[in-house]
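Summary of the model geometry
Single-letter residue listing:
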Amino acid sequence: MKPTVVSADVLFEEHRTTLKWQWVAGLGASERRFDEVAVREARSGADLVGYLNYIHPYRVQVLGEREIRYLTSENEEDNRRRIARIVTLEPPVLVVADAQVVPEALMAMCERAHIPMFASPDAAAFVIDVLRAYLSRHFADRSTMHGVFMDILGMGVMITGESGLGKSELGLELISRGHGLVADDAVDLYRINQASIEGRCPELLQNLLEVRGIGLLDIKAIFGETAVRRKMRLQLIVHLVRKQTLERDYERMPSEPLHQDVLGVPVRKAVIQVVAGRNIAVLVEAAVRNTILQLRGIDTYQEFVARHRAAMHRGD
């Protein structure tokens, strides 16, 4: 589900320091918001901001040096007609960048049409990059998943499984082995583009890990700054199961990598059986290393199959 509310005043305050902009017109339209239909139809929040373009209405329009020149290069009547056409785009916000002087006619049009207009000294390309990143996060499809989300060998790994299998204890052991905690118990997931899922920790749970019998642990206070992460891209799900579940629901040696659908994106998945005496932390690290090899195009199973066929062909 996509959130559909971000007003002009929120956008302005969020980037007042970053973009050093000023609110120069349309101050009375501070509650103006993005069109809900445009938000639903956008592939991502990045589609909601761009240079002045008459083909894409309902998005933040950024006017740099070239756009201002276009709006002021002809006679007064033609310039007024070009500026008036901007109203038909129904932009939630106009941004004049590149330290350009805002044309009086443009400012007056924004006042009449109740369109907020900001002026920034920064380059138009930088303004677009900042706003696209912000809107991509804000309007991303999102959900919450139960598990322990970690940075293991630079890969975002979600540890899931049945209750009582020791996911948090496993997370604690992995932290003690030098890996980083993103979130425990509840993980907020955002689809930041068509092929990427980003996981973050809810503010209430930041730096905390719950271990049965001990209680809440402040991982940052115990292990230091390097033991926690603010966010990671989800690249692997490690699912812990009991022996009966593994035998009933999964192949012992799958011929193709397993995947799990998360917000419409297939995420690689490894299934590990939990029994007494197994070093699950080592197995998780091995699963991560094997996934890294697969992402590099090295498939151990397929290499074994090819070796086996070659041996059969030789008659061994």
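Residues numbered from 1 in each chain as written. Predicted model: local features only at pLDDT ≥ 70, side-chain atom pairs only at ≥ 80, totals over all residues. Heavy atoms only, no water.

**Focus on the layout of surface pockets**
When its volume is computed, the second largest pocket comes out at roughly 270 Å³. For the lining of the second largest pocket, the secondary structure elements donating two or more residues are strand 6 (141-152), helix 8 (167-176), strand 8 (180-193) and strand 10 (208-211). Of the residues contributing to the lining of the second largest pocket, the split by class is three nonpolar, six polar and six charged. (1 Å grid on protein atoms, 1.4 Å probe; cavity = no way out; pocket = protein on both sides within 12 Å on 5 of 7 lines; lining within 4 Å. Points joined across faces, edges and corners; volume = space filled by probe spheres on them. Helix = DSSP H or I, 4+ residues; strand = E, 2+ residues; numbered from the N terminus. Nonpolar A, V, L, I, M, F, W, Y, C, P; charged D, E, K, R; others polar.)

**Focus: the nonpolar core**
Of all hydrophobic cores here, the largest spans 28 residues; its most connected members are Leu-170, Leu-174, Ile-219, Leu-240 and Val-284. Secondary structure elements with two or more residues in this core: strand 6, strand 7 (155-161), helix 8, strand 10, strand 12 (231-241), strand 14 (265-273) and helix 11 (280-295). For this core, the leading source of residues is helix 11, giving five residues. Once residues lying within four places of it in the same chain are set aside, the contact partners of Val-284 are Ile-152, Leu-170, Leu-174, Val-238 and Ile-272. Judged by nonpolar contacts, the second largest core, of 21 residues, contains Ala-8, Trp-21, Val-60 and Val-130. (Core = buried A, V, L, I, M, F, W, Y, C linked by side-chain atoms within 4.5 Å. Buried < 20%, exposed > 50% of the residue type's maximum accessible area, 1.4 Å probe, protein only. Contact = heavy atoms within 4.5 Å.)

**Side note on the environment of Leu-172**
You can see Leu-172 is positioned in helix 8. Between the C-alpha atoms of Leu-172 and Val-148, which are 24 residues apart in sequence, the distance is 9.9 Å. Those residues within four positions of Leu-172 in sequence are excluded, and the remaining contacts are Leu-209, Val-211, Leu-217, Ile-219 and Phe-223.

**Observations concerning the pattern of salt bridges**
Inspection of the entire model under this criterion finds 13 salt bridges. In this structure, Arg-229 engages Asp-151 in a salt bridge whose closest nitrogen and oxygen atoms are separated by 2.7 Å. Here Asp-151 lies in strand 6 and Arg-229 lies in the loop between helix 9 (219-223) and strand 12, a separation of 78 residues in the sequence. What makes Arg-229 partly exposed here is its relative accessible area of 22%. (Salt bridge = Lys/Arg side-chain N within 4 Å of Asp/Glu carboxyl O.)

**Some points on the packing of helix 4 (residues 65-72) against helix 5 (residues 76-87)**
Where helix 4 contacts helix 5, the axes come no closer than 7 Å and their chain directions differ by 125°. With respect to helix 5, the element helix 4 is oriented oblique. Contacts from Tyr-70, Leu-71 and Thr-72 in helix 4 reach Asn-79, Arg-82, Ile-83 and Ile-86 in helix 5. Looking at the contact of helix 4 with helix 5 residue by residue, the class counts come to four nonpolar, two polar and one charged. (Axes fitted to C-alpha atoms, helices over the stretch in contact; angles between N-to-C directions. Parallel < 35°, antiparallel > 145°, perpendicular 65-115°, else oblique.)

**Describing the side chain of Asp-184**
When you line up the elements, Asp-184 lands in strand 8. Buried within the structure, Asp-184 lacks any salt-bridge partner; its nearest side chain of opposite charge belongs to Lys-167, at an N-O separation of 8.1 Å. Engagement of the side chain of Asp-184 in a polar contact is seen with the side chain of Ser-168, the distance being 3.1 Å. (Lys, Arg positive; Asp, Glu negative; His and termini not counted. Polar contact = N/O pair within 3.5 Å; in protein donor to acceptor, adjacent residues only side chain to side chain.)

**Describing the environment of Gly-147**
Within the secondary structure layout, Gly-147 lies in strand 6. Judged by relative accessible area, which is 1%, Gly-147 ranks as buried. Sequence-wise, Gly-147 and Ala-186 are 39 residues apart; in three dimensions their C-alpha atoms are separated by 6.3 Å. Non-local contacts of Gly-147, meaning those with residues more than four positions away in its chain, are made with Met-158, Ile-159, Ala-183, Asp-184, Asp-185, Ala-186 and Val-187.

**Description of unusual backbone geometry**
Phi is positive for Lys-20, close to 50°, though the residue is something other than glycine. Here Ala-99, not a glycine, exhibits a phi torsion of approximately 55°, which is positive. Turning to its location among the elements, Ala-99 is positioned in the loop between strand 4 (94-96) and helix 6 (104-113). The exposed category is assigned to Ala-99, whose relative accessible area is 53%.

**Considerations on the packing of helix 5 against helix 6**
For any two helices packed against each other, one specifies the crossing angle of their axes together with the interaxial distance. Two elements in contact, helix 5 and helix 6, have axes separated by 10 Å at closest approach and are oriented at 30°. Viewed along their axes, helix 5 and helix 6 form a crossing whose handedness is right-handed. Across from Ile-83, Ile-86 and Val-87 in helix 5, the residues of helix 6 making contact are Ala-105, Leu-106, Met-109 and Ala-113. Residue composition of the contact of helix 5 with helix 6, by class: seven nonpolar, no polar and no charged. (Left-handed = near helix turned anticlockwise from the far one by under 90°.)

**Re the environment of Met-155**
Here Met-155 shows up in strand 7. The class of Met-155 is buried, set by a relative accessible area of 3%. With 78 residues separating them along the chain, Met-155 and Arg-233 place their C-alpha atoms 7.4 Å apart. Filtering out sequence-adjacent residues up to four positions away, Met-155 remains in contact with Met-150, Met-232, Gln-235, Leu-236, Val-288, Thr-291, Ile-292 and Leu-295.

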